[in-house]
Amino acid sequence: MSHKGQGTTLEERVVIAEGVVAGKSSREMAEELKRPVATIRKWRQRYLQNGRAGLSSQMGRPADGALATSPVEMKEALLELREKHPGWGAQTLRLEIAKDERFIGMIIPSRARIAAYLKERQKFRKYERHRKLPEAKALPLQRPHQEWELDAQGVTTVNGLGKVSFINLLDVYSHASIDSHACLKVSHPKSEDYQRVLRRAFLRYGLPEQITIVRFTTTGAPRLFQASSTCG
């Protein structure tokens, strides 16, 4: 006989939770406990959302706070992760909580709710304003292989070959040619062509201290990159 209109006991709710874990349907548990299917579904949903904490009666004034409806175990896990990884933001914490086997099938709080909860618990980070990094000052050249200059000479017409683009690698201090590569019938060499030039130079001379890349403007004037690639 179904006990309609009567509240469930904590023991019955625990049985419902165990039935959920065991994979029982709401109708099966309703028949076992002699309770309406709607009652079983209600407590099934509360268990899936809040874990064991959701099985307690919610009489009286509801809890407040950013994660008031989340289970205690989940909130403790968030704080534990924040202690271990103080650099993680709310979104990263949310992704990690979602992967935790204890909370699979439960509702995971939003990034904003997690951030608000951390602020409530004084676990938030003080963000510094982004500042522009100072540009490195160019050091005076004092020796060979301190700086190499990589540039594409541009398209040149060669009799019998047609359009040819040359990639040149020059030692800035000694003005010696490190390597040169001709790209046939192309106006713009590919990344693989530049890599081929550098690979040959590295195998022959080793690594320079830095490499400066030269690009040409639409007027044909060379323009150096302000930032050089430091090797090491």
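Residues numbered from 1 in each chain as written. Predicted model: local features only at pLDDT ≥ 70, side-chain atom pairs only at ≥ 80, totals over all residues. Heavy atoms only, no water.

Student: Honestly, the overall build of the protein chain in this entry has me stumped. Any pointers?
Tutor: When helices and strands are tallied, the protein chain shows seven helices and six strands. Tracing the protein chain from N to C terminus, the helices and strands come up as α-α-α-α-α-α-β-β-β-α-β-β-β. The buried share among the 232 residues of the protein chain stands at 29%. Long-range contacts, defined here as pairs at least 24 residues apart, represent 46% of the contacts in the protein chain between residues at least 6 apart. When the accessible surface of the protein chain is summed, it comes to about 16,300 Å², and 53% of that surface belongs to carbon and sulfur atoms. (Helix = DSSP H or I, 4+ residues; strand = E, 2+ residues; numbered from the N terminus. Buried < 20%, exposed > 50% of the residue type's maximum accessible area, 1.4 Å probe, protein only. Contact = heavy atoms within 4.5 Å. Areas by Shrake-Rupley, 256 points an atom, 1.4 Å probe, with all protein chains shown as cover.)

Student: When you look at the pattern of salt bridges in this model, what are you seeing that I'm missing?
Tutor: Between side chains of opposite charge, a pair can form when the charged atoms approach closely. In total, this model carries nine salt bridges according to the counting rule given. Close ionic contact of E80 with K84 constitutes a salt bridge, the shortest N to O distance being 3.4 Å. With E80 and K84 both in helix α4 (residues 72-84) and four residues apart, this pair spans about one turn of that helix. Given a relative accessible area of 45%, E80 falls into the partly exposed group. Its salt-bridge partner being D193, residue R196 comes within 3.0 Å of it at the nearest N-O pair. Separated by three residues within a single helix, R196 and D193 lie in helix α7 (residues 191-205), roughly one turn from each other. Assessed through its relative accessible area of 15%, D193 is described here as buried. (Salt bridge = Lys/Arg side-chain N within 4 Å of Asp/Glu carboxyl O.)

Student: Sorry, what's going on with the nonpolar core here?
Tutor: Soluble, globular proteins show a tendency: their nonpolar side chains are buried together. Formed by 16 residues in total, the largest nonpolar core has its most connected members in M74, L78, I97, F103 and Y117. Counting only elements with at least two residues in this core, the list comes to α4, α5 (90-99) and α6 (111-120). Here this core takes five residues from α4, the largest share from any one element. Beyond its immediate stretch of four places on either side in the chain, Y117 contacts A66, L67, K75, L78 and L79. In this structure, V20, A30, I40 and Y47 belong to the second largest nonpolar core, which totals 11 residues. (Core = buried A, V, L, I, M, F, W, Y, C linked by side-chain atoms within 4.5 Å.)

Student: Please clarify how the environment of H181 should be interpreted in this entry.
Tutor: Mapped onto the fold, H181 is located in strand β3 (residues 177-184). The spacing of H181 and R196 is 15 residues in sequence and 8.5 Å in space, taken between C-alpha atoms. Once residues lying within four places of it in the same chain are set aside, the contact partners of H181 are S165, F166, I167, D193, R196, V197 and R200.

Student: What am I meant to see in the environment of I114 here?
Tutor: When you line up the elements, I114 lands in helix α6. The class for I114 is buried, based on a relative accessible area of 1%. Note: C-alpha distance between I114 and L93 (21 residues apart in sequence) is 8.1 Å. With near-sequence residues (within four places) excluded, I114 lies in contact with L67, L78, A90, R94 and P109.

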